[in-house]
Amino acid sequence: MQQDAIIVRFARKRYAKGQPPILDGLNMTVPRGCIYGLLGASGCGKTTLLSCVVGVKKLDSGDIWVLGGKPGKQDSGIPGPRVGYMPQEISLVQEFTVLGALYYFGRINGLEDSDIDERYGFFSELLSLPPKDRLVKHMSGGQQRRVSFAAALIHKPELLILDEPTVGLDPILRENIWNFLVKITKEEGTAVVITTHYIEETRMANRIGLLRCGQLLAETSPTALLNKFQCQSLEEAFLILSQKQKDNQDKGVLNSADSEVIEDLDEVATHSVPVSQNNLRSSTECIMSSEKQLLDSQYNEKRRTPIFGKIFRALMTKNILQFLRHPGGILFAFVFPLVQVTLFFYAIGRDPKGIVVAIVNDEAGHCDHGNIIGSVIHNPDEGTCDYVDISCRFLNGFNSSIMEKEFYSSREDAKLAVESGRAAGTMFFSRNFSRALQSRRDNVDSASNADIVAGEIDTVLDIGANRQIGLFLQKKLFEKFIEVHGEIVSTCNIPRKFADTPVYFEEPIFGRLDGKYSEFVAPGFILTIIFFLSTAVSSSIIIADRAEGVWDRSLVQGVTTAQILFSHILTQVVMIIIQVTVVMCISFVHFQLPCKGSLVTVTAMVLLTGICGMCYGFLISVLCNSHTVANFVSTGSFYPIILLCGAIWPAEGMPTVLRWVSFAMPTTIPSFSLRGILEKGYAVAEPEVYTGFLIVFGWTSAFVICCLIGLRGKTV
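Residues numbered from 1 in each chain as written. Predicted model: local features only at pLDDT ≥ 70, side-chain atom pairs only at ≥ 80, totals over all residues. Heavy atoms only, no water.

### A few points about the overall build of the chain
Move 1: When helices and strands are counted, the chain shows 26 helices and 15 strands.
Move 2: A compact globule built from 716 residues should have a C-alpha radius of gyration of about 27 Å, whereas the chain, at 40 Å, is more than 25% larger.
Move 3: Evaluated residue by residue, the chain yields a buried proportion of 51% over its 716 residues.
Move 4: Long-range pairs, those at least 24 residues apart, make up 72% of the contacts in the chain with a sequence separation of at least 6.
Move 5: Across the chain, the mean location of the 66 positive side-chain charges is 6 Å away from that of the 72 negative side-chain charges. (Helix = DSSP H or I, 4+ residues; strand = E, 2+ residues; numbered from the N terminus. Rg over C-alpha atoms; globule rule 2.2 N^0.38 Å. Buried < 20%, exposed > 50% of the residue type's maximum accessible area, 1.4 Å probe, protein only. Contact = heavy atoms within 4.5 Å. Lys, Arg positive; Asp, Glu negative; His and termini not counted. Charge placed at Lys NZ, Arg CZ, Asp CG, Glu CD.)

In structure tokens, the structure reads:
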């Protein structure tokens, strides 16, 4: 009974509507223990066909059987270690060494390290591999291809699928490879499917298939093809068949090779035989069913089920090497959070310094450069309390912690200083400021308008240039005025509260009256920075694996999507733990960020937010096909989240619709929860806290589900 490794029947595949099919009713049979050379021009469908055979892509219609079953089914050798696959791309992790690459593919195929070391020695001699410690990214294209070839052979598969393995290799090395392929087909019964641009080198193949326009022009031995056309080269025979196909297509005869050629070839393209599709499929399924038991028993001893531990070890090693051998990645993952958090606490929330205010004091000038501080003359016997140069007392109180004073002789000069940007505001004291302020104190019900105006400190601030500095000055000057005025009136045996405003703010229930703005912003900032650090690192992972071809190649060897994803998640979680540790130490140990609640709860919230950001990064990596697009998405989503999370400005200040959008963001409610832990000392049982945890869990679950759906949709 004929034992076939691959059977393809009526395969059809097109990538877009309106375009010609890349595979058009193709039939192919690859016997076991033979070398099958698949020939054709670039773009004729060779790589697509092989991708469908190994299960990376799916046919639009038609059937494929590989090693006794359909790809992806339990009774098939695909995915799994029974097949060795070398894609057209190099498909190696660039951070692998030569030996590291062989360790990876050996382990995921169930080999022991000792076996891998032994086979490395053999392939190093056969293929003239580079030194075992050389990184893939430091090799030439030909060297990378040789390592990729060795990785496909490392586990001695039953079926070997090689997509242009000899491109860029010298003739002697190509001959060595072909001699080796001939040897393993004869001695081990291995089936080999090989594509190549060097048509003549397939003379050593047992069977060749000539592919053009999605159809096999012929499927026979090289000798039979040359004898039929009396050619000296396979290229000449291929040219004759291609011309005959073109002539038939011009005549409107589709999906058929030349009839005279078909009749005389020993084996021809199956689609050219006048047998109905249903009968052929029925016959094929019957053969596959009858062969299955024989094939399973004959090849069962070769089957190797990789242990999960070996696969997991290989995946984790790959992830760690990819990270550690990228210095930029290490700096971004660990140094970047340190720098960002440090910059935040140094740059945000501190009182402005060096703010210049232009002073015009008609009462006492520059107060003898600060030597005059004004005086209060209290005479209890006469019941008088006089102010002398009291403007200097206020100016002395308005010290450098609030502003730097520059004195001007006129209000016009002071105004010009503000307009030219040399000062943030002006302050004016009238000539009789002390007398007027005293009159306002003594004659509450009879003070003249002139005294009322003269007793004011006329202050004009430049709010337009810097609103925050203007508001800071306004608040600090008012507070300092109340304090200094209270000291002055108390000298006159008048209660200090006489100088206070009627509105008095007691100590707040939560927080402090003198709390820093950085303490308000910190919860939202910490969560946002951890979220997007995790997003930025993880958003490139799947893209990198797919771009290098390692993802699909690993799937062909039997590694599952869940295993790959789990290994990436575990690697990233370790990184997130380190990032969270760095951020927490800087925030709470170095900068002494107040925390009235449990630091364990705080850590849990920050850690879970980082995991949520990681899952968001994975989703970006799944949906985007390039690093550039992924960077656009992650960067573009950063700004809406930071603007809407309530850290920069309270969510209560937003329009109603935008406020609900803000509450739906993954960091808004959690930042409220974190602020409740820090400022109010709330525990997890409080609704304000556990709501934040629920939001993070919800977003994380949504990202994971979308990620899995996206990964399934990647197979086309």
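### Considerations on the sheet that holds strand E10 (residues 356–361)
Move 1: On the basis of which strands lie adjacent, the open sheet formed by four strands has the order E13-E10-E14-E15 and mixed pairing. Two strands lie at the open edges of the sheet, namely strand E13 (404–407) and strand E15 (458–461), each paired on one side alone. Averaged over all pairs of adjacent strands, the angle between their axes in this sheet comes to 25°, without regard to strand direction.
Move 2: In this sheet, strand E14 (residues 425–429) lies alongside E10 in parallel orientation, the contact comprising five bridges. Note on E14: the bridge partner recorded for Ala358 is Thr426. (Pairing = 2+ DSSP bridges. Axes fitted to C-alpha atoms, helices over the stretch in contact; angles between N-to-C directions.)

### Details of the sheet that holds strand E1 (residues 4–13)
Move 1: Ordered by their spatial adjacency, three strands build an open sheet running E2-E1-E4, and the pairing between neighbours is antiparallel. Across the chains shown, the open sheet's two edge strands, defined by having one partner strand only, are strand E2 (23–31) and strand E4 (61–66). Strand after strand, the sheet turns through a mean of 5° between neighbouring axes, direction not considered.
Move 2: As paired strands, E1 and E2 are joined by seven bridges and run antiparallel to one another. Bridge pairing links Lys13 to Leu23 in E2.
Move 3: Set on the sheet, helix H1 (residues 46–53) makes contact with E1, E2 and E4; between it and E2 the angle comes to about 65°.

### Section: the domain arrangement of the chain
Frequently, the measure chosen for interface size is the accessible area removed from exposure when the parts meet.
Move 1: Domain parsing of the chain yields domain 1 (4–247), domain 2 (326–345 + 516–714) and domain 3 (355–499).
Move 2: For domain 1 and domain 2, the distance between their C-alpha centroids amounts to 43 Å.
Move 3: Between domain 1 and domain 2, the residue contacts involve 24 residues of the former and twelve residues of the latter.
Move 4: Around 1,400 Å² of area is buried between domain 1 and domain 2 when both sides are counted, 55% of it from carbon and sulfur atoms.
Move 5: Scanning the region where domain 1 abuts domain 2 turns up zero salt bridges.
Move 6: Here domain 1 is connected to domain 2 by nine residue pairs in polar contact (both at pLDDT 80 or more). (Domains from an automatic or database assignment. Buried area = accessible area lost by both parts, 1.4 Å probe. Salt bridge = Lys/Arg side-chain N within 4 Å of Asp/Glu carboxyl O. Polar contact = N/O pair within 3.5 Å; in protein donor to acceptor, adjacent residues only side chain to side chain.)

### Section: unusual backbone geometry
Move 1: Look at Gln230: it is not a glycine, yet its phi comes out positive at around 55°.
Move 2: Owing to a relative accessible area of 66%, Gln230 belongs among the exposed residues under this scheme.
Move 3: A positive phi angle is found at Asp389, which is not glycine, with a value near 50°.
Move 4: Tracing the backbone shows Asp389 in the loop between strand E12 (384–388) and helix H13 (390–397).
Move 5: Note on Asp389: relative accessible area 25%, which makes it partly exposed.

### With respect to the nonpolar core
Move 1: With 124 residues, the main nonpolar core has Phe123, Leu162, Leu181, Leu210, Leu225 and Val606 as its most contacted residues.
Move 2: If you tally residues by element for this core, the top one is helix H22 (residues 599–623), at twelve residues.
Move 3: Aside from chain neighbours lying at most four places away, what touches Val606 is Ile526, Leu527, Ile530, Val580, Met584 and Leu674.
Move 4: Formed by 33 residues, the second largest nonpolar core is a distinct cluster that contains Ile6, Leu67, Val83 and Leu211. (Core = buried A, V, L, I, M, F, W, Y, C linked by side-chain atoms within 4.5 Å.)

### Topic: the environment of Ala423
Move 1: Relative to the assigned elements, Ala423 resides in the loop between helix H14 (411–419) and E14.
Move 2: The exposure class assigned to Ala423 is buried, which follows from its relative accessible area of 8%.
Move 3: Separated by 19 residues in sequence, Ala423 and Glu404 place their C-alpha atoms 9.3 Å apart.
Move 4: Residues in contact with Ala423, not counting those within four places in the same chain, are Val356, Ala358, Ala417 and Val418.

### Here's the deal with the confidence of the model for the chain
Move 1: Averaged over every residue, the pLDDT of the chain is 85; residues scoring 70 or more account for 91%.
Move 2: Across residues 255–303, confidence stays below pLDDT 50; counting only partners more than four residues off in sequence or on other chains, it has 83 contacts. (pLDDT = per-residue confidence, 0-100.)

### Here's the deal with the state of the cysteines
A covalent bond between the sulfur atoms of two cysteines is referred to as a disulfide.
Move 1: Under the criterion given, the structure shown has two disulfides.
Move 2: In this model Cys367 forms its disulfide with Cys392; the gap between the sulfur atoms is 2.0 Å. With the S-S bond torsion at -90°, the cross-link from Cys367 to Cys392 turns out left-handed. Here Cys367, found in helix H12 (residues 367–370), pairs with Cys392, found in helix H13; they are 25 residues apart in sequence, far enough to count as distant.
Move 3: Taking relative accessible area as the criterion, Cys367 reaches 3% and is therefore assigned buried.
Move 4: Taken N- to C-terminal, the disulfide-bonded cysteines of the chain are connected 1-3, 2-4.
Move 5: Note on Cys706: no disulfide assigned, nearest cysteine sulfur contributed by Cys707 at a separation of 8.7 Å. (Disulfide = S-S within 2.5 Å.)

### Quick notes on the layout of surface pockets
Move 1: By volume, the largest pocket is sized at about 1,800 Å³.
Move 2: Secondary structure elements with two or more residues in the lining of the largest pocket: helix H17 (467–491), helix H18 (517–538) and helix H25 (668–680).
Move 3: Here the lining of the largest pocket takes twelve residues from H17, the largest share from any one element.
Move 4: Considered class by class, the residues forming the lining of the largest pocket number 20 nonpolar, six polar and 18 charged.
Move 5: Per-domain counts for the lining of the largest pocket show at least three residues from each of domain 2 (326–345 + 516–714) and domain 3 (355–499). (1 Å grid on protein atoms, 1.4 Å probe; cavity = no way out; pocket = protein on both sides within 12 Å on 5 of 7 lines; lining within 4 Å. Points joined across faces, edges and corners; volume = space filled by probe spheres on them. Nonpolar A, V, L, I, M, F, W, Y, C, P; charged D, E, K, R; others polar.)

### Remarks on the packing of helix H4 (residues 141–153) against helix H5 (residues 171–187)
Move 1: Where H4 meets H5, the axes come as close as 13 Å, and the angle between the chain directions of the two elements is 5°. With respect to H5, the element H4 is oriented roughly parallel. Facing H4, whose interface residues are Arg146, Phe149 and Leu153, H5 presents Leu173, Ile177, Phe180, Leu181 and Ile184.
Move 2: When its residues are assigned to classes, the contact of H4 with H5 shows seven nonpolar, no polar and one charged. (Parallel < 35°, antiparallel > 145°, perpendicular 65-115°, else oblique.)

### Notes on empty space enclosed by the protein
Over the atoms rolls a probe the size of a water molecule, and in doing so it shows where empty space is left.
Move 1: Applying the stated criterion across every chain yields a total of one cavity of 30 Å³ or more.
Move 2: Of the volumes computed, that of the largest cavity is approximately 30 Å³.
Move 3: Those elements that provide at least two residues to the lining of the largest cavity are helix H10 (308–324) and helix H20 (550–556).
Move 4: Examining the composition of the lining of the largest cavity, we find that three residues originate from one element, H20, more than from any other.

### Details of the packing of aromatic side chains
Move 1: A complete count under the given rule lists 25 aromatic pairs for this structure.
Move 2: Relative to Tyr682, the ring of Phe510 has its centre 6.0 Å away and its plane inclined at 75°; by these criteria the two rings are edge-to-face. Placement of the pair is Phe510 in the loop between H17 and H18 and Tyr682 in the loop between H25 and helix H26 (687–713), with a sequence separation of 172 residues.
Move 3: Phe510 sits in the partly exposed class, given a relative accessible area of 39%.
Move 4: Linked through ring pairs, Phe531, Phe532, Tyr616, Phe638, Tyr639, Trp699 and Phe703 together constitute an aromatic cluster.
Move 5: Over the face of the ring belonging to Phe105 we find Arg553, whose NZ or CZ atom lies 4.6 Å from the ring centre.
Move 6: We note Arg675 situated over the ring of Phe520; from NZ or CZ to the ring centre the distance is 4.3 Å. (Phe/Tyr/Trp six-rings, centres within 6.5 Å; stacked < 30°, edge-to-face > 60°. Lys NZ or Arg CZ within 6 Å of the ring centre and 35° of its normal.)

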